[in-house]
Amino acid sequence: MTQVFLFTGTAEGRRLTRRLGAAEIVTTVSVASEYGTVVPEDPSPGSSVTILYGTMTREEMTDAIRKAAPKIVVDATHPYALRASEKIRAASEAAGIPCLRLKRKSKDAPDKKVFLFDNLPEVISALQRTTGNILVTTGIDTLRLFADAEGLKDRVYVRIQPDRNELERCEAMGFSGRQIIAMRGPFSQELNRATIHDYEIRHLITWQSDSSGGFTEKMFAARETETAVYVIGEQGKEGIPYAELLDRLGELLETDLRDTVTINVSLVGVGPGEGGDMTREAGRAIREADILFGEKRLVQPYQAEKKVFPYDRGEDILPRLEQLLQEARQGDPHVRAAVLLPGDTGFHSGSVGLIFYLTNWRRRMSLSDTGKFKMQIRTYPGISSIQLMAARLQDHWDTAFVSGIHGSEDESTREVLRRLPYEKRTYLVTSGVSDVEFLRNWVLEHDPERRRYSLYAGYQLSYPEERIFAEEGERPGIGVEDAVLDPFPDILPEGRYTVMIRNSDPLESEDDRKKQVLAGIPNEEYFQKKGIPITKEEVRTIALGKLRITEPAVVYDIGSGTGSFAVELGRILRESEIYAVEKDPERAELIRKNVEHLSAHAVEVVEGEAPEVLDALRKPTHILIRGSGGKLFLILQELFRKSPEARVVIHAASAAEKKELAQILSRSIPTEYDILDAEYLELEVSHGRKHGVRSAVGRGDNSEAILSFRFARRPGA
């Protein structure tokens, strides 16, 4: 037995059809109106839904309703389909079945490019956010509003009666001859379509009326040409909103038909400037959003195509989300919003505060009984001004001290000044020109002869007026000699600044001196795991010495095990890159723990098997090999091809490994490379411990070998 008889021709009607089908409510749907048959977007709304196609007279409607014998009739036809609604209401009364009329909410961008408004000022406000030519068919008396509206007059074409008085009135309001279409109706669908094409019309303004006023012909022509139509009239004065309709049907049918409103909020880092340096993922998030929040300069470029709000703080955004939630309960249940944030979302960004506000609001809404609700928050990082500044200076910032300052009395500023003497590189975001002047005065006071400090101020990075002002010391650093630099002017211009201060002779802090063991870290300091050997600290110290490292260096630690070689190097070297290569996942995880535990942050763990995994790494200057998995000669061959001048140290503990070292020394294996400055050491370590007044010397452990050399080409190779 049919429970609902639904007449539809709108997006809300299709949505209601799918909702009833999902709830397995037996429904008969008539998908026809006097403006043409509209087929639902979902071809399979459910087995409980029967669809009737084609127009019906009032008598045919009455017979169909009586035959279906539903509990309720729902009229979800277009608000401007006045005659269709009258027929549906009369047929329902004749069949003795109650009828509910869906009140479609007027909004700025409904489906099928039909915009519904109660008055002309609302239409003009909406048109000012668009582009393209406008055809006004609402008569001579409405033109003054279009003539006075900012930015519209030159886009407007008016269709009036071919009357001298009306022509003179149009010209008096400032409309030129090309903008005036003086014709007497009636206007057929074909004539409307030709007018739209000839004048390149994108927006058509009309009063709501029945078919005798040519309304139907305008609607058909607009649909064929995909022209936006702005309908002015008292549509929707009768009926009930969509959410209330679902509640009424739910009560009648004893089921919960409410939609789950889904709000997706993307926090998008658009990079420096106005978004030209944003990532492709960030750009996609913006394109997929219907609503944008953010600083005015960031959202303004999108206002013609999306709904934008110039807010970026949680307390300002939440009231708008409340409003959007209520609108979604009446209309589309999917809200896609994005908050545009300058720079990167993870660096001095408002994203942290926004996430706090949004997650708390989500929790509060989820506990509310006003309707079903889901919310997803996603963050899309961007490029920070720090990254851009480093790139402009041809510098790296991975080992720099990175912070921000906000006035000379701010706590963050005091921390920056405390750290400057001890840091080689300091990158800072500032609140403006006053911060730059404050830093410049500090540098002049503490280094008047400019022996240590070089100061770089990036002005309006990524904007057309971008410049980098510089005052360099005796040793400015690597890379900056190729950057485009300007001397500091007498008066710095107002704007956005990012600063880099390079200290060519940083002090060693007292804390560092106390904490840092430069070599020979006791094995007890490392995290260890049963079955994963760790090299004796004495052997490790000798092996590292044989590398003879000078900075900057690129070091491979192959077969890293616990990571002890890499960790010691990571604590000593300041301007080098260290790769701990390990194929075993369990050992790789142990290395990561030791890197974190012993603050060897210059170490990067590379999980994979040598030599295959080495292709993606930078060319090495120094190589440690602790474990080769039986591939020592293959690894050495590939390393020589990658870096034919590298220095190599191989540590061997087993008899098989020592045999391989002997083969290398004797040149008994065919290779493309030769070895120079070769040195072979075999070590036997004995440990002693003191117990009270007695001392005891332990027995020697099994000997271990170290082979050090540097690559060279074989003669003739």
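The rules behind the values
Residues numbered from 1 in each chain as written. Predicted model: local features only at pLDDT ≥ 70, side-chain atom pairs only at ≥ 80, totals over all residues. Heavy atoms only, no water. Pairing = 2+ DSSP bridges. Helix = DSSP H or I, 4+ residues; strand = E, 2+ residues; numbered from the N terminus. Contact = heavy atoms within 4.5 Å. Axes fitted to C-alpha atoms, helices over the stretch in contact; angles between N-to-C directions. Buried < 20%, exposed > 50% of the residue type's maximum accessible area, 1.4 Å probe, protein only. Expected span 1.5 Å × (residues − 1). Arc of directions from axis to C-beta. Core = buried A, V, L, I, M, F, W, Y, C linked by side-chain atoms within 4.5 Å. Parallel < 35°, antiparallel > 145°, perpendicular 65-115°, else oblique. Nonpolar A, V, L, I, M, F, W, Y, C, P; charged D, E, K, R; others polar.

Caption draft 1: Local environment of the sheet that holds strand β18 (residues 425-429). Taken together, six strands build an open sheet; the order of strands is β17-β18-β22-β19-β20-β21 and the sheet is mixed. Where the open sheet ends on each side, the last strands, each with one partner, are β17 (401-404) and β21 (486-487). Here β18 runs beside strand β22 (residues 497-503); their pairing, made up of five bridges, is antiparallel. When the bridges of β22 are listed, R425 appears paired with R502. Relative to β17, helix α15 (residues 411-419) is tilted by about 155°, and along the sheet it contacts β17 and β18. Where helix α16 (residues 433-446) meets the sheet, its contacts fall on β18, β19 (453-459), β20 (467-471) and β22, and the angle it forms with β22 comes to roughly 15°.

Caption draft 2: Spatial organisation of the environment of P489. Looking at where P489 falls in the secondary structure, it is placed in the loop between β21 and β22. On the accessibility criterion, P489 (25% relative accessible area) is partly exposed.

Caption draft 3: Geometry of helix α20 (residues 585-597). The first and last C-alpha atoms of α20 sit 18 Å apart over 13 residues, in line with the 18 Å expected at 1.5 Å per residue. Residues of α20 that are buried include every one of A588, L590, I591, N594 and V595, and no others. Taken around the axis of α20, the buried residues stretch over an arc of 160°, which confines them to a single face. Across from the buried face of α20, at angles greater than 90 degrees, the exposed residues are P585 and E596. On its buried face, α20 is in contact with α19 (564-572), β24 (577-582) and β25 (603-607).

Caption draft 4: Region of interest: helix α18 (residues 537-547). Restricting attention to buried positions, one finds in α18 the residues V539, R540, A543, L544, K546 and L547. Looking down the long axis of α18, one finds its buried residues gathered within 155° of arc, a one-sided arrangement. On its buried face, α18 is in contact with α19, β26 (622-625), β27 (647-652), β28 (673-683) and β31 (704-713). Immediately beyond the C-terminal end of α18, within one or two residues, lies R548, with a positive phi of roughly 50°.

Caption draft 5: The arrangement of the sheet that holds β27 in detail. Strand order in the open sheet formed by seven strands is β25-β24-β23-β26-β27-β31-β28, and the pairing between neighbours is mixed. Looking at which strands have only one partner, the edges of the open sheet turn out to be β25 and β28. When strand polarity is set aside, the average angle formed by the axes of neighbouring strands in this sheet is 15°. Looking at chain direction, β24 and β25 are connected through five bridges and run parallel. Each bridged residue has a counterpart across the sheet, and for I578 the counterpart in β25 is V603. Packed on one face of the sheet, α20 meets β24 and β25 and runs near 170° to β25.

Caption draft 6: Looking closely at the nonpolar core. With 29 residues, the main nonpolar core has I558, I625, L636 and F711 as its most contacted residues. For this core, the secondary structure elements donating two or more residues are β23 (554-558), β24, β26, α21 (632-642), β27, α22 (655-666), β28 and β31. If near-sequence neighbours (up to four positions away) are discounted, L636 is found in contact with I625, V648, I650, I664, Y673, F709 and F711. Counting residues in hydrophobic clusters, the runner-up holds 28 residues, among them I521, V539, A543 and A600.

Caption draft 7: Molecular detail of the packing of α21 against α22. Here α21 crosses α22 at 45°, and the two axes come no closer than 11 Å. With respect to α22, the axis of α21 lies oblique. Of the residues in α22, those touching α21 at L632, F633 and L636 are E660, Q663 and I664. When the residues that make up the contact of α21 with α22 are grouped by side-chain class, the tally is four nonpolar, one polar and one charged.

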